[in-house]
Amino acid sequence: MTKTTTSAPVLGIRALNRATLDRQLLLRRSGLSAKAAVGHLLGLQAQNVKPPYYALAARLEGFTPEALSELMADREVVRIVTMRSTIHTHTAEDCLTLRPLVQPARDRELTNFRKGLEGVDLDRLAVLARELVEAEPRTMKQLREALLTEWPTADPQALAVAARCRLPLVQVTPRGLWGRSGQVALTTAEHWLGRPAESVPTPDATVLRYLAAFGPASVKDMQTWAGLTRLRDAFERLRPRLRVFRDENGVELFDLPDAPRPADDTPAPPRLLPEFDNLLLSHADRTRVVPKEYWGRSWQGNQAYCTLLVDGFLAGVWKLTADALVVEPFGRLTKAQREDVTAEGERMLTTLHPGAPYDIRFGTVVPH
């Protein structure tokens, strides 16, 4: 541990919690537009269609699902595989810069499929796949079948994954629009957005933006968020411009000098977040949001559950059934906390499901 680190101020878990919630627009609802919020947050987890809408409903004042749907229909935001090899909703600008930044991780991902890609020229595959999806958007099944005619002995799934890893493939609308359905059909980001991707950027600007949205944070925290390695050099280049703290375990944390770091007793209202919200996934040490006793409680097998925050920390899960919003707290809530959670539920339902006959009740979400 360096002298700089040992002399750096310590931030406890509640201080880190409140700072992160503030950056994540979860201490109070923000007046940002949907597009500005998607940009500030460096994208929203979007493995399924609905989570980005729930994520913004929890964060923005006056949000309506149409605000995000219209951005998607107008190609101002897109759905694309980026960080951690997962689908994110990004602004068009971030799609064209963040995807090149995380390309090394997509290249590494391909090594998991090398057995199924024996004899496949990946450069030629990328050219062919680009021609196919730019001629017309293709489903993964159509892409597999077309590439299989060129490499009939290859593993079909590996061929499609190779195309997704080598090319910045976006999901075209109506997929992703609120209240609409559509299978996943893909084309390149450049074709969909009508402009070329950026050349691979240095990570420095993204480090600053990550800290603005998720800080204070360690190098490992950002590496976890991005699914990248070797970001230490970027932090070292930026060190003169950053403030340095440490957590209670002595881990060095970086932050923007003027970023908000509220007092650790700042009130944090309840929030209903979607499954896989980036708040819970973007740090190597998640204890700033997830109490150790609740680790692993928000998913079961391959099933992830929507999450409840109380006093800024993971405190339960929730789901919508045919007629009810069901909330399952992990521990005992006070009468006031239950009332606040109910009020937050009513607000979410009014925002995203106006007029729907949902009850709000406390019950079982995770099968026991």
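Residues numbered from 1 in each chain as written. Predicted model: local features only at pLDDT ≥ 70, side-chain atom pairs only at ≥ 80, totals over all residues. Heavy atoms only, no water.

A.B. asks: Requested: an account of the nonpolar core, with residues and values cited.
C.D. replies: Among the nonpolar cores identified, the biggest contains 32 residues, and L56, F63, L68, W318, L325, M348 and L352 are the most heavily contacted of them. At the level of elements, α3 (34-40), α4 (51-57), α5 (65-73), β11 (306-310), β12 (313-320), β13 (324-329) and α15 (335-352) are the ones that each hand at least two residues to this core. Per-element accounting of this core gives the leading share, five residues, to α4. Core analysis: the next-biggest nonpolar cluster, separate from the first, contains 28 residues, A105, L208, A226 and A259 among them. (Core = buried A, V, L, I, M, F, W, Y, C linked by side-chain atoms within 4.5 Å. Buried < 20%, exposed > 50% of the residue type's maximum accessible area, 1.4 Å probe, protein only. Helix = DSSP H or I, 4+ residues; strand = E, 2+ residues; numbered from the N terminus.)

A.B. asks: Give a description of the sheet that holds strand β1 (residues 44-45) that names residues and reports values.
C.D. replies: Pairing is antiparallel across the open sheet formed by five strands, whose spatial order is β1-β3-β2-β4-β5. With partners counted over all chains shown, the strands left at the sheet margins are β1 and β5 (186-188), one partner each. Strand direction decides the pairing type here: strand β2 (residues 77-81) and strand β3 (residues 87-91), joined by five bridges, are antiparallel. Residue pairing across strands places I80 opposite H88, the latter belonging to β3. (Pairing = 2+ DSSP bridges.)

A.B. asks: Got a sec to walk through the side chain of T307? Specific residues and values, please.
C.D. replies: For T307, the location among the structural elements is in strand β11. With a relative accessible area of 3%, T307 lands in the buried category. Ignoring anything within four residues of it in the chain, the contact list for T307 reads R271, L272, L273, P274, L280, S298, L314, G316, V317 and W318. (Contact = heavy atoms within 4.5 Å.)

A.B. asks: I'd like a description of helix α13 (residues 219-226), backed by residues and values.
C.D. replies: Within α13, six of the eight residues are buried, which leaves it mostly tucked inside the rest of the structure. All of the buried residues in α13 are V219, D221, M222, Q223, W225 and A226. The inward-facing, buried residues of α13 abut α12 (204-214), α14 (232-238) and β7 (252-255). At the C-terminal side of α13, G227 shows a positive phi close to 75°.

A.B. asks: So what's going on with the pairing of β3? Which residues, and what values?
C.D. replies: Residues in a regular strand project their side chains so that they alternate between the two faces of the sheet. In terms of burial, β3 is a largely internal element, five of the five residues being buried. Looking at chain direction, β1 and β3 are connected through two bridges and run antiparallel. Opposite L44, over in β3, you have T89 as the bridge partner.

A.B. asks: Explain the state of the cysteines to me, and be specific about the residues and the numbers.
C.D. replies: Counting across every chain of the model gives zero disulfides. C95 takes part in no disulfide bond, and the closest cysteine sulfur to it belongs to C165, at a distance of 15 Å. (Disulfide = S-S within 2.5 Å.)

A.B. asks: Pulling in residues and values, what's your account of the packing of helix α7 (residues 103-110) against helix α10 (residues 156-166)?
C.D. replies: Direction vectors running N to C along α7 and α10 enclose 165°, while the axes themselves pass 9 Å from each other. Put simply, α7 runs roughly antiparallel to α10. The crossing of α7 and α10 is left-handed. Contact residues: α7 offers Q103, R106, D107, E109 and L110, while α10 offers V161, A162, R164, C165 and R166. Grouping the constituent residues of the contact of α7 with α10 by class yields four nonpolar, one polar and five charged. (Axes fitted to C-alpha atoms, helices over the stretch in contact; angles between N-to-C directions. Parallel < 35°, antiparallel > 145°, perpendicular 65-115°, else oblique. Left-handed = near helix turned anticlockwise from the far one by under 90°. Nonpolar A, V, L, I, M, F, W, Y, C, P; charged D, E, K, R; others polar.)

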